[in-house]
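One-letter residues, chain by chain:
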Amino acid sequence: MGQEIKLTGASATFTQQLTLVPVAVDAKFISVTLDVRFDCMMPDRCSNGPHAWDGALVWQGANPFSHTAIGKIDHTWNAVEKADTLDLSTKITAYSPVANPAASRWQADGAQIRCDKISSTTPGCTFHKYIPTWVMNFNKTPAAVAHAWLIQSKLPNHPGSKTHNKPMFFLPAASKNAPGRDPNKNRDVICPKNSDGSSWASKHGNPAATAVPEISAGDKLSCDEFAYASSYNSGGMPGGVIGGLNPVTSGDKCVQTYATRVRQGEWHLYDDERKPAPTWSEVCGRSAMSSWINSTSMGGAFSSGFSGKYRLLDKDPYWVSFPQFGHCDASKATVTCTVPKP
């Protein structure tokens, strides 16, 4: 039996397909007839459409491989609750003229579905046990990607690393089922605003950091942090009942770097030597870099694209990947790596 479930992401209705192929039928049975039920085990939460089969659910013992049966059905979540994990299973009962009926129930654990109307105002469903991978856009924002790669690879907590089995845990906006914690409050710990409301980097970041006003009008220096502020991995996320994994009292406790443009298309990420050298036992990173690069490295591509596509909710895990840095070695005390232009 093969199971395929097709979600649209922005709809509470989805399609399930089963493919049944006999492995063997004892000729003594004469024939085997199956009754197949695509069940939603939560009738108050979801409804089942009619079954549609391509191929009869009857096999003759003498020729069990005469055909394959493919069945389809639509399920619809009723969207009354804000979020539901649906219990879907298939019940198959087999009948033969010379044997008593036999039934079995089957469900693929990894194909469990969660439907919600929190991540989006439009109800939709996702395979919530699948852990997706967010790939940062190196071609567009190399400095921000270099910073994230350094912190993930070098620090002992490895935020977002699939290799080290240390996923990033999503912290949504406070209005979307977060534990009353606005991600901006995490950012304020690592990258506090100056008294005049300007970015920490404008007064305290390394002055050699580069802004790109010719790319984005009015671009200034800003403070980039990793792990992301919108995660439980953020150094600014309090521990205890709030659940932060790596709480620090100040961004001063993070690894300090800055990004500068050497020439058009070439960026370098440097240790901020005005500060104490990193011990590599830190749990967070803070870097002075272009505000345009900082905001573009996540922005809509993550919030409207990635997290929306996978309908991430509070504490959902995901991986963070930087494939262009796959050849780099972060095991040495001094980390040096060159990533060629695309």
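So, a few notes on the structure that sits alongside this text. (Residues numbered from 1 in each chain as written. Predicted model: local features only at pLDDT ≥ 70, side-chain atom pairs only at ≥ 80, totals over all residues. Heavy atoms only, no water.)

As a rule of thumb, nonpolar side chains are buried together in soluble globular proteins. Grouped together as the largest cluster of nonpolar side chains are 35 residues, with contacts concentrated most on Trp134, Met136, Tyr228, Tyr318, Val320, Phe322 and Phe325. Contributions of two or more residues to this core are made by α1 (142–154), β16 (255–263), α5 (299–309) and β19 (317–321). The biggest single contributor to this core is α1, with eight residues. With sequence-adjacent residues up to four places away left out, Trp134 is seen in contact with Tyr228, Ser297, Met298, Ala301, Phe302, Phe306, Tyr318, Trp319, Val320 and Ser321. (Core = buried A, V, L, I, M, F, W, Y, C linked by side-chain atoms within 4.5 Å. Buried < 20%, exposed > 50% of the residue type's maximum accessible area, 1.4 Å probe, protein only. Helix = DSSP H or I, 4+ residues; strand = E, 2+ residues; numbered from the N terminus. Contact = heavy atoms within 4.5 Å.)

By secondary structure assignment, the location of Thr163 is in the loop between α1 and β14 (168–169). It is 29 Å that separates the C-alpha atoms of Thr163 and Gln107, two residues lying 56 residues apart in sequence.

With that settled, the discussion passes to the sheet that holds strand β13 (residues 133–135). Pairing is mixed in the open sheet, where three strands are placed in the order β13-β19-β14. Two strands in the sheet have a free side with no partner beyond their single neighbour: β13 and β14. In the sheet, β13 pairs with β19 via three bridges, with the strands oriented parallel. Counterpart to Val135 in the pairing with β19 is Ser321. The strands touched by α5 are β13 and β19; relative to β13, the strand with the most contacts, the crossing angle is about 150°. (Pairing = 2+ DSSP bridges. Axes fitted to C-alpha atoms, helices over the stretch in contact; angles between N-to-C directions.)

For the rest of this paragraph, the subject is the side chain of Glu282. You can see Glu282 is positioned in the loop between β17 (266–271) and β18 (285–290). In this structure Glu282 is buried but unpaired, with Lys154 as the nearest side chain of opposite charge at 9.6 Å. Within the structure, the side chain of Glu282 is placed 2.9 Å from the backbone nitrogen of Thr279, a separation counted as a polar contact. Polar contacts involving the side chain of Glu282 include one to the main-chain amide nitrogen of Trp280, which spans 2.8 Å. Residues within four places of Glu282 in sequence aside, it is in contact with Leu155, Pro156, Asn157, Lys253, Cys254 and Val255. (Lys, Arg positive; Asp, Glu negative; His and termini not counted. Salt bridge = Lys/Arg side-chain N within 4 Å of Asp/Glu carboxyl O. Polar contact = N/O pair within 3.5 Å; in protein donor to acceptor, adjacent residues only side chain to side chain.)

The next thing to look at is the environment of Leu7. Take Leu7: it is sitting in the loop between β1 (2–6) and β2 (13–20). Taking C-alpha positions, Leu7 is 37 Å from Asn100, a pair spaced 93 residues apart along the chain. Setting aside its immediate chain neighbours within four residues, Leu7 contacts Phe14, Ile113, Cys125, Thr126 and Phe127.

With that settled, the discussion passes to the sheet that holds strand β15 (residues 221–226). Spatially, β15-β18-β16-β17 is the arrangement adopted by the four strands of the open sheet, whose pairing is mixed. Sheet topology places β15 and β17 at the edges, where each strand pairs with a single neighbour. Within this sheet the neighbouring strands show an average axis-to-axis angle of 30°, counted without direction. Looking at chain direction, β15 and β18 are connected through six bridges and run antiparallel. Bridge assignment links Ser222 to a residue of β18, and that residue is Met289. The sheet strands contacting helix α2 (residues 183–190) are β15 and β18, and the helix crosses β15 at an angle near 105°.

Once that is clear, we can look at α5. Because an α-helix completes one turn every 3.6 residues, residues spaced three or four positions apart along the sequence face the same direction. Residues of α5 that are buried include every one of Phe302, Phe306 and Ser307, and no others. Looking straight down α5, one finds that the buried residues subtend no more than 85° of arc, so they occupy a single side. Along α5, exposed side chains directed more than 90 degrees from the buried face belong to Ser304 and Lys309. If you follow the buried residues of α5, they end up packed against β13 and β19. Just beyond α5, the residue with positive phi is Arg311, at close to 50°. (Arc of directions from axis to C-beta.)

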